[in-house]
Amino acid sequence: QVQLVESGGGLVQAGGSLRLSCAASGRTFRTYRMGWFRQAPGKDREFVAGIWWSGGTAYYADSVKGRFTISRDNAKSTVYLQMNSLKPEDTAVYYCAADVTGRQYVYWGQGTQVTVSS
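Throughout what follows, the structure given in this document is the object of discussion. This is a predicted model, so every value here is computed, not measured.

### Details of the overall build of the protein
Across its full length, the protein carries zero helices and 11 strands. Along the protein, helices and strands appear, N-terminal first, in the series β-β-β-β-β-β-β-β-β-β-β. In terms of overall dimensions, the protein has a C-alpha envelope of 40 × 25 × 25 Å along the principal axes. Across the 118 residues of the protein, 43% fall into the buried class. Across the protein, the fraction of contacts at a sequence separation of at least 24, relative to all contacts at a separation of at least 6, is 52%. Carbon together with sulfur atoms contributes 47% to the accessible area of the protein, which is approximately 6,100 Å² in total. When the 13 positive and 8 negative side-chain charges of the protein are each reduced to one mean point, those points stand 6 Å apart.

### Observations concerning the layout of surface pockets
Empty space within the largest pocket amounts to approximately 150 Å³. Considering the residues around the largest pocket, the lining is formed by 13 residues, among which R38, K43, E46, E89 and D90 are closest to the centre.

### Digging into the state of the cysteines
Per the counting criterion, the structure on display carries one disulfide. Between C22 and C96 runs a disulfide, and the two sulfur atoms are separated by 2.1 Å. Handedness here is read from the sign of the S-S torsion; for C22 and C96, about -80 degrees, the answer is left-handed. Residue C22 is found in strand β3 (residues 18-26), and its partner C96 is found in strand β9 (residues 92-99); the two are separated by 74 residues along the sequence. Each member of the pair C22 and C96 is classed as buried.

### What to know about the side chain of T78
With respect to the helices and strands, the residue T78 is situated in strand β8 (residues 78-83). A polar atom in the side chain of T78 sits 2.9 Å from the backbone oxygen of K76. Every residue in contact with T78, bar those within four places of it in the chain, is listed here: S21, C22, A23, W53, S71, R72 and D73.

### Section: the pattern of salt bridges
For the coordinates displayed, the defined rule picks out five salt bridges. For the salt bridge of R38 with D90, the shortest nitrogen-to-oxygen distance reads 2.9 Å. Here D90 lies in the loop between β8 and β9 and R38 lies in strand β4 (residues 33-39), a separation of 52 residues in the sequence. Like D90, R38 is buried. Close ionic contact of K65 with D62 constitutes a salt bridge, the shortest N to O distance being 3.2 Å. D62 shares its class with K65; the two are exposed. Members of the salt-bridge network, linked through shared partners, are R38, E46, R67 and D90.

About the cut-offs
Residues numbered from 1 in each chain as written. Predicted model: local features only at pLDDT ≥ 70, side-chain atom pairs only at ≥ 80, totals over all residues. Heavy atoms only, no water. Helix = DSSP H or I, 4+ residues; strand = E, 2+ residues; numbered from the N terminus. Buried < 20%, exposed > 50% of the residue type's maximum accessible area, 1.4 Å probe, protein only. Contact = heavy atoms within 4.5 Å. Areas by Shrake-Rupley, 256 points an atom, 1.4 Å probe, with all protein chains shown as cover. Lys, Arg positive; Asp, Glu negative; His and termini not counted. Charge placed at Lys NZ, Arg CZ, Asp CG, Glu CD. 1 Å grid on protein atoms, 1.4 Å probe; cavity = no way out; pocket = protein on both sides within 12 Å on 5 of 7 lines; lining within 4 Å. Points joined across faces, edges and corners; volume = space filled by probe spheres on them. Disulfide = S-S within 2.5 Å. Polar contact = N/O pair within 3.5 Å; in protein donor to acceptor, adjacent residues only side chain to side chain. Salt bridge = Lys/Arg side-chain N within 4 Å of Asp/Glu carboxyl O.

Structure below.
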């Protein structure tokens, strides 16, 4: 079992920045990669960014490339999402997820709300 707790969400004006954190606990040594997803009202959950725990290779959705940066701190079992140049369309609940199988995200956090005002 892996437990994930997100923090750092809030209200920000368009063009502003936020940094989300996701602290993992439990059997984290089996984690292959961590990811961030988001779900806006009335929309499906979508992938935002992911990072392989070993090596740190990151990948992003086209909609956030150049604005968001995912990083990890292995010692703290924490993954971050630095979000810059935020847009109103970035408004959503952001979820952290862990892949312990090498094939799919299995564990999910409770989510943190990000609201970007225009």
